[in-house]
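So you can see what is in the structure, the chains are spelled out below.
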Amino acid sequence: MILNSRVLLAVGSYRFTGTVEHGTAPLAAAWLLKQFPLRGALQHARWSGEAAWLPLGDAPQLVPENATAHPRPGQILLYAGIASQAELLIPYGACAFASKAGTLAGSPVITLDGSLEDLVALGSLLIAKGTQNLSLNSCAAEDSQ
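First, a word on scope: everything that follows refers to the structure included in this document.

Cut-offs used in this document
Residues numbered from 1 in each chain as written. Predicted model: local features only at pLDDT ≥ 70, side-chain atom pairs only at ≥ 80, totals over all residues. Heavy atoms only, no water. Salt bridge = Lys/Arg side-chain N within 4 Å of Asp/Glu carboxyl O. Helix = DSSP H or I, 4+ residues; strand = E, 2+ residues; numbered from the N terminus. Buried < 20%, exposed > 50% of the residue type's maximum accessible area, 1.4 Å probe, protein only. Core = buried A, V, L, I, M, F, W, Y, C linked by side-chain atoms within 4.5 Å. Phe/Tyr/Trp six-rings, centres within 6.5 Å; stacked < 30°, edge-to-face > 60°.

Re the pattern of salt bridges
The full count for this structure, using the stated rule, is one salt bridge. The closest approach of N and O atoms between Arg6 and Asp113, which form a salt bridge, is 2.6 Å. Of this pair, Arg6 sits in strand 1 (residues 6-11) while Asp113 is found in the loop between strand 9 (107-112) and helix 2 (117-129), placing the two residues 107 residues apart along the sequence. Among the residues examined, Arg6 registers a relative accessible area of 30% and is labelled partly exposed.

Below, the structure written as structure tokens:
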């Protein structure tokens, strides 16, 4: 069991904290934590509505766990790449997870907490300015840097 289930998501000047969903998607959450620190280029999700996505490349073919196509704002999904590219989906508003292959469902791996107003602002930034650098890590690891 992971001792620290708290994470820090940093995109540009925005910082969000959240909780890893070990109970909801244990295999997906465990895989994601092994990728920390995770860095990449966050993009606006053109197929899914008010959401951003981070391509993951070589994610394992995980079985969906409590998968959803309609996440709440701040409910981060891991899609393991069965019908489309592996990715993290970060919704900031109304979202219906999809790709050109059709509707997708991802495992909820992180729930962001606190006010999500900055998440909406991040969505607007992605639309206006394009891709932004993302870092995702455990809070403890970020505190020690």
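Digging into the environment of Lys34
As for its placement among the helices and strands, Lys34 is situated in helix 1 (residues 26-34). Judged by its relative accessible area of 69%, Lys34 falls in the exposed class. A C-alpha to C-alpha distance of 32 Å links Lys34 and Ala128, two positions 94 residues apart in sequence.

Details of the nonpolar core
The nonpolar side chains of a soluble globular protein tend to be buried, and buried together. Within the largest apolar cluster, 35 residues are counted, with the highest numbers of intra-cluster contacts made by Leu9, Leu32, Leu42, Leu88 and Leu136. Of all the elements, helix 1 adds the most residues to this core, at five residues. Among the nonpolar cores identified, the runner-up in size contains nine residues, and Ala45, Tyr79, Leu89 and Phe97 belong to it.

Comments concerning the packing of aromatic side chains
The final tally for this structure, using the stated rule, is two aromatic pairs. When the centroid spacing of 6.3 Å and the interplanar angle of 15° are considered together, the rings of Tyr14 and Phe16 count as stacked. Residues Tyr79 and Phe97 carry aromatic rings whose centres are separated by 5.8 Å and whose planes lie at 90° to one another, so their mutual orientation is edge-to-face. Of this pair, Tyr79 sits in strand 5 (residues 75-79) while Phe97 sits in the loop between strand 6 (87-95) and strand 7 (98-99), and the two are 18 residues apart along the sequence. Accessibility expressed as a relative area gives 6% for Tyr79, which makes it buried. Residue Phe97 is classed as buried on the basis of its relative accessible area of 1%.

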